[in-house]
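Residues per chain are reported as follows:
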Amino acid sequence: MDRPCRSSPSSGSPSSSKLWIVHGIVASAVIVAGLAARTYLGGSRKFRSRVVGIIPARFASSRFPGKPLVQILGKPMIQRTWERAKLSTCLNHVVVATDDEKIAECCRGFGADVIMTSESCRNGTERCNEALQKLQQKYDVVVNIQGDEPLIEPEIIDGIVKALQAAPDAVFSTAVTALKPEDAFDPNRVKCVVDNKGYAIYFSRGLIPYNKSGAVNPRYPYLLHLGIQSYDTKFLKLYPELPPTPLQLEEDLEQLKVLENGYKMKVIKVDHEAHGVDAPEDVEKIEALMREHNLS
């Protein structure tokens, strides 16, 4: 059933998520772009109102095998991510998409709906697309929720959904936050630059923008890309058919395939401490943070 986003309950987050769309959209541009986009997307009156959250999860990982099932204060990490996603006011449904029966069994055990996907999916976006095709209900927007973000804030989920709904000329939305200086040259921390209307220009594993001195400018507001993203479902179905692009292959970033093929991506800025679990040592950090903020 279609429904607007509900009023958001308190999520118990360790940091407030004051969401704002970077700069904003010029009203006249929205009208023009909206007419074109609605023609492409089929002219639905209730524009992008049906939203599903999909948590892609795989057991195989070069750095951390079995990561979705790792225990974080007594619960599997995938369960904690699912519980946070369920607090979103904009999601009509939340499912886990996996190719592993151990993960599927675990998720069914705590009440999650599970869609089994093939092992051939090359990334989370392709896994979301396959899961979407297997859902009985039709949706307008898919939110790709990273399974290794057990403290994901539901307000961020709501923020990127609303951003995509408000930008009919975009097919994709995502979130960024302030980059810490110590992460400037970490290739695992993906950086982003946006234009003055809040659309993505580029993503990179290197520091962008990069000045002539080669040093971090302490006065520049560098942006860190957060893994969560949402897609218009008609575009998501096209995505696997798009050929790989040179920048995507060089940076190993799937967002660049979207941009290189000429599609627009809306970006929101959020106040968020990134708490992803990339390696076994991150688990202890997450648990310490949860104890500090009395998050059970």
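Residues numbered from 1 in each chain as written. Predicted model: local features only at pLDDT ≥ 70, side-chain atom pairs only at ≥ 80, totals over all residues. Heavy atoms only, no water.

1. A short note on the pattern of salt bridges
- Counted according to the given criterion, the structure contains 11 salt bridges.
- With its nearest N and O atoms 3.0 Å apart, the salt bridge here joins Asp148 to Lys67. Residue Asp148 is located in the loop between strand E7 (141-144) and helix H5 (154-165), and its partner Lys67 is located in the loop between strand E2 (51-57) and strand E3 (71-72); the two are separated by 81 residues in the primary sequence. Side by side, Asp148 and Lys67 carry an identical accessibility label, which is buried.
- A salt bridge links Lys75 to Glu83; the nearest nitrogen and oxygen atoms lie 3.1 Å apart.
- Residue class for Lys75 comes out partly exposed when judged on its relative accessible area of 26%.
- With relative accessibility at 26%, the residue Glu83 sits in the partly exposed group. (Salt bridge = Lys/Arg side-chain N within 4 Å of Asp/Glu carboxyl O. Helix = DSSP H or I, 4+ residues; strand = E, 2+ residues; numbered from the N terminus. Buried < 20%, exposed > 50% of the residue type's maximum accessible area, 1.4 Å probe, protein only.)

2. Observations regarding the side chain of Thr117
- Relative to the helices and strands, Thr117 resides in the loop between strand E6 (113-116) and helix H4 (124-134).
- A distance of 2.8 Å separates a polar atom in the side chain of Thr117 from a polar atom in the side chain of Arg127.
- Other than its neighbours up to four places away in sequence, Thr117 contacts Ala97, Thr98, Asp99, Arg127, Glu130, Ala131 and Lys134. (Polar contact = N/O pair within 3.5 Å; in protein donor to acceptor, adjacent residues only side chain to side chain. Contact = heavy atoms within 4.5 Å.)

3. Some points on unusual backbone geometry
- A cis amide bond links Ile208 to the next residue, Pro209, at an omega of -10 degrees.
- Here Pro209 is to be found in the loop between strand E10 (200-204) and strand E11 (223-232).
- Here Leu73, not a glycine, exhibits a phi torsion of approximately 50 degrees, which is positive.
- Structurally, the position occupied by Leu73 is in the loop between E3 and strand E4 (75-76).
- Here Leu73 falls in the partly exposed class, since its relative accessible area comes to 29%.
- One non-glycine residue, Asn294, lies in positive phi territory at about 55 degrees.
- When you line up the elements, Asn294 lands in the segment after helix H9 (281-292).

4. Let's talk about helix H2 (residues 77-85)
- Counting buried residues in H2 gives 8 out of 9 residues, a clear majority hidden from the surface.
- Listed as buried for H2 are Met77, Ile78, Gln79, Arg80, Thr81, Trp82, Arg84 and Ala85.

5. Focus on the pairing of strand E9 (residues 191-194)
- Of the two faces of E9, both are covered, the one formed by Lys191 and Val193 as well as the one formed by Cys192 and Val194.
- Where E9 meets E10, 4 bridges bridge the pair, whose relative direction is antiparallel. From the neighbouring strand, Cys192 faces E10, where its bridge partner is Phe203.
- From the end of E9 to the start of E10, which pair antiparallel, there are 5 residues, and Gly198 there has a positive phi angle of about 85 degrees.
- Sheet topology places E9 next to E11; 2 bridges connect them, and they run antiparallel. Looking at the pairing, Lys191 lines up with Leu224 of E11. (Pairing = 2+ DSSP bridges.)

6. Some details on empty space enclosed by the protein
- The tally for this structure, following the rule as stated, stands at 1 cavity of 30 Å³ or more.
- As a volume, the largest cavity reaches approximately 50 Å³.
- Contributing to the lining of the largest cavity are Ile145, Gln146, Glu149, Ile152, Leu226, Gly227 and Ile228.
- Tallied by class, the residues present in the lining of the largest cavity amount to 4 nonpolar, 2 polar and 1 charged. (1 Å grid on protein atoms, 1.4 Å probe; cavity = no way out; pocket = protein on both sides within 12 Å on 5 of 7 lines; lining within 4 Å. Points joined across faces, edges and corners; volume = space filled by probe spheres on them. Nonpolar A, V, L, I, M, F, W, Y, C, P; charged D, E, K, R; others polar.)

7. Quick word on the state of the cysteines
- Throughout the structure, instances matching the rule amount to 0 disulfides.
- Among the cysteines around Cys121, which has no disulfide bond, Cys128 carries the closest sulfur, lying 9.2 Å off. (Disulfide = S-S within 2.5 Å.)

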